[in-house]
Amino acid sequence: MANSTFEEEIQRSGRLVYTNVGRSMMPLIRQHRDLVIIEKPQGRCRKYDVPLYRKDGRYILHRILKVREGDYVIRGDNCWQKEYGITDSQIIGVLSAVVRDGKTIPVTDWRCRAYARLWHAIFPARAALMRLRALPGFLRRRLGR
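A short tour of the structure in this document, coming up. As the structure is a prediction and not an experimental result, all values here were calculated from the model.

**Concerning helix α2 (residues 110-121)**
For step 1, the next point in the chain: With 12 residues, α2 extends 16 Å from end C-alpha to end C-alpha; this agrees with the ideal 16 Å at 1.5 Å per step.
For step 2, the next point in the chain: All buried positions along α2 are accounted for by C112, Y115 and A116. Looking straight down α2, one finds that the buried residues subtend no more than 100° of arc, so they occupy a single side. Turned more than 90 degrees away from the buried face of α2, the exposed residues are W110, R111, L118 and A121.
For step 3, the next point in the chain: At the N-terminal end of α2, a side-chain oxygen is found 2.8 Å from the backbone nitrogen of R111, two or three residues along, and the residue is D109.

Below, the structure written as structure tokens:
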């Protein structure tokens, strides 16, 4: 894939395999450790799909929370803020599998599907914990330390 963009690679071969950078999809995808397999989207995405999209010149891999008529509401599994207005034209591909410790785990596997639903269902408790975890840093910045 040397010297080609993600879009060019997916267009050329129909899929993209790469090591994720970033922590927004933890614990599903571990930074620099897991491989992700992204394939061309087949029609519109569905709730809980994980599209790779381009926004403000950056590639982002987050989960769809809500499918609306003209766009999607999306959030990373390790994030608490939602993104609105992601359109089909921004979506480059959709996560089809994760390779962890040499094992390929398709997103259609019942464990991945259960994880997505459970992770979404317990979001209010996770968001409260994320905010509590961020509180010391917030206070340090506000107090000027």
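From this point on, the discussion continues.
**What to know about the pattern of salt bridges**
For step 1, the next point in the chain: Taken as a whole, this structure holds 11 salt bridges when the rule is applied.
For step 2, the next point in the chain: The partner of R12 in a salt bridge is E9, with the nearest N and O atoms 2.7 Å apart. On the criterion of helical spacing, the pair formed by R12 and E9 is a turn pair, its members being three residues apart in helix α1 (residues 6-13).
For step 3, the next point in the chain: R12 sits in the exposed class, given a relative accessible area of 62%.
For step 4, the next point in the chain: Given the relative accessible area of 9%, E9 is considered buried.
For step 5, the next point in the chain: Where E83 meets K55, a salt bridge forms, and the shortest distance between an N and an O atom there is 3.4 Å.

**Comments concerning empty space enclosed by the protein**
Left-over empty space is what a probe sized like a water molecule reveals as it rolls over the atoms.
For step 1, the next point in the chain: Scanning the entire structure with this criterion turns up one cavity of 30 Å³ or more.
For step 2, the next point in the chain: Approximately 60 Å³ is the volume found for the largest cavity.
For step 3, the next point in the chain: Around the largest cavity sit R63, L65, R75, G76, D77, A116, W119, H120 and R126, which together line it.
For step 4, the next point in the chain: In terms of residue count, the dominant contributor to the lining of the largest cavity is α2 (three residues).

Cut-off values and rules
- Note that residues are indexed from 1 along each chain, following the sequence as it is written.
- In keeping with the model being predicted, local features are shown solely for residues with a pLDDT of at least 70 and side-chain atom pairs are shown and tallied solely at 80 or more, while totals for entire chains, interfaces and linings include all residues.
- Think of the side-chain values as coming from all heavy atoms in the structure, minus any hydrogens and water.
- A helix here means a DSSP run of H or I that spans at least four residues, while a strand means a run of E at least two residues long, and both kinds are numbered starting from the N terminus.
- Given the number of residues in a helix, its expected span is that number minus one, multiplied by 1.5 Å.
- Buried, partly exposed and exposed residues are distinguished by accessible area as a fraction of the type maximum, computed with a 1.4 Å probe on protein chains only: under 20%, between the cut-offs, and over 50%, respectively.
- Directions from the helix axis toward the C-beta atoms define the arc.
- Within 3.5 Å is the distance limit for a polar contact, defined as a pair of N or O atoms, with the added protein rule that one can donate a hydrogen and the other accept it, and that residues adjacent in sequence qualify only through two side-chain atoms.
- In what follows, salt bridge is the name for a side-chain nitrogen of Lys or Arg lying within 4 Å of a carboxyl oxygen of Asp or Glu.
- Whether a set of points on the 1 Å grid over the protein atoms alone is a cavity depends on a 1.4 Å probe fitting there but being unable to get out, while an open set qualifies as a pocket with protein on both sides within 12 Å along at least five of seven lines; lining residues are those with an atom within 4 Å of a point.
- Grid points are joined across faces, edges and corners, and a volume is the space filled by probe spheres set on the points.

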